[in-house]
Amino acid sequence: MYNIFQSVVLHQNIKIDNNKLLKYVYKIKKQDKGRILSNEGGWQSLEIDENQKELEELKNNIEKKLLEYLDNIKLKHSKNYVYNIWLNINGYKDSNVLHNHPWSIVSGVYYIKTPSKCGDLVLHHPCREIGPEWHRLIIEYNPANSATWTLPVAEGDLVLFPSWLYHSVNSNLNKEDVRVSIAFNICG
């Protein structure tokens, strides 16, 4: 048996000052009307300058974890860097549709605020043709037979994944609070 075509995902909680990041996100939201790309509802900022001092602690943590990630999958990392960052706020029923991030190596997201039922990250199997014939035979879902993999997210979670991996975000079903995250791409 061979385990081939893996989609390696890093999902780790890191300890940084989320209150400072939350204030930064809301400051930018006041200045930036946002854009619509993969978001259905909610607010997504325009691209943010990754060299902002408010992002320094997060960027340092991303780069440290990126080296571990690239070493694990045996990719060079001499010139990999965070080249774009954007901010997300998802309110009640806001979500993100299925998408990927072409022209990048690794993509990721850091979760600043995650109230209950705020919308998990869903990773989709690279083979888009997994269908009902396959699923009706599954005894127990696992990474080898699942068409999607749902990652429950918590405040302080950092997730790194291959940029070609399709993903989406479930709707925020928390009527009283928002989910706040920072997403980014890394190129070589």
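Residues numbered from 1 in each chain as written. Predicted model: local features only at pLDDT ≥ 70, side-chain atom pairs only at ≥ 80, totals over all residues. Heavy atoms only, no water.

Q: Can you explain the pairing of strand 4 (residues 81-90)? Please cite residues and give values.
A: Across the 10 residues that make up strand 4, a large majority, eight, are buried. Two elements, strand 3 (residues 43-44) and strand 4, share two bridges in a ladder whose sense is antiparallel. Of the residues in strand 4, the one forming a bridge with W43 is I89. Bridge count for strand 4 against strand 11 (residues 179-187) is nine bridges, and the pairing is antiparallel. Counterpart to I85 in the pairing with strand 11 is F184. (Buried < 20%, exposed > 50% of the residue type's maximum accessible area, 1.4 Å probe, protein only. Helix = DSSP H or I, 4+ residues; strand = E, 2+ residues; numbered from the N terminus. Pairing = 2+ DSSP bridges.)

Q: Give a detailed account of the pattern of salt bridges, specifying residues and quantitative values.
A: Here the structure, examined in full by the defined rule, presents four salt bridges. Here K65 makes a salt bridge to E68, at a shortest N to O gap of 3.4 Å. On the criterion of helical spacing, the pair formed by K65 and E68 is a turn pair, its members being three residues apart in helix 2 (residues 56-73). Under the relative-accessibility criterion, E68 is labelled partly exposed at 38%. In this structure, the salt-bridge partner of D177 is K113, at a minimum N-O distance of 2.7 Å. One end of the pair, D177, is in the loop between strand 10 (167-169) and strand 11; the other, K113, is in strand 6 (residues 106-113), and 64 residues separate them in sequence. Taking the relative accessible area as the measure of exposure, K113 reaches 22% and is therefore partly exposed. Salt bridges here are not isolated pairs; linked through shared partners, they connect K27, K53 and E54. (Salt bridge = Lys/Arg side-chain N within 4 Å of Asp/Glu carboxyl O.)

Q: I'd love a proper account of the sheet that holds strand 9 (residues 157-162), names of residues and values included.
A: The pairing of strands in a sheet happens through backbone hydrogen bonds and is either parallel or antiparallel. Ordered in space as 1-9-6-11-4-3, the six strands form an open sheet in which the pairing is antiparallel. Two strands lie at the open edges of the sheet, namely strand 1 (10-13) and strand 3, each paired on one side alone. Relative to the sheet, helix 2 contacts strand 1, strand 4, strand 6, strand 9 and strand 11, its axis offset from that of strand 9 by approximately 45°. (Contact = heavy atoms within 4.5 Å. Axes fitted to C-alpha atoms, helices over the stretch in contact; angles between N-to-C directions.)

Q: Lay out the environment of N170 in plain terms, naming residues and giving numbers.
A: Structurally, the position occupied by N170 is in the loop between strand 10 and strand 11. Residue classification places N170 among the partly exposed residues on the basis of a relative accessible area of 35%. Along the sequence, N170 and V97 sit 73 residues apart, while their C-alpha atoms lie 8.4 Å from each other. When near neighbours in sequence (up to four residues on either side) are disregarded, N170 contacts D94, S95, C118, G119, D120, V122 and T150.

Q: With reference to specific residues and values, describe the layout of surface pockets.
A: There is about 620 Å³ of room inside the largest pocket. Residue lining of the largest pocket: 22 residues in total, with Q6, S7, H125, P143 and A144 positioned closest to the centre. Of all elements in the fold, only strand 7 (121-124) and strand 8 (148-151) reach the threshold of two or more residues within the lining of the largest pocket. By residue number, the principal contributor to the lining of the largest pocket is strand 8, which donates three residues. Taken together, the residues that form the lining of the largest pocket break down as 14 nonpolar, eight polar and no charged. When its volume is computed, the second largest pocket comes out at roughly 330 Å³. Every residue lining the second largest pocket is counted, 27 residues in all, and those nearest its centre are W86, H99, H101, H167 and A183. For the lining of the second largest pocket, the secondary-structure elements that each account for two or more residues are strand 4, strand 5 (95-99), strand 6, strand 10 and strand 11. For the lining of the second largest pocket, the leading source of residues is strand 11, giving five residues. (1 Å grid on protein atoms, 1.4 Å probe; cavity = no way out; pocket = protein on both sides within 12 Å on 5 of 7 lines; lining within 4 Å. Points joined across faces, edges and corners; volume = space filled by probe spheres on them. Nonpolar A, V, L, I, M, F, W, Y, C, P; charged D, E, K, R; others polar.)

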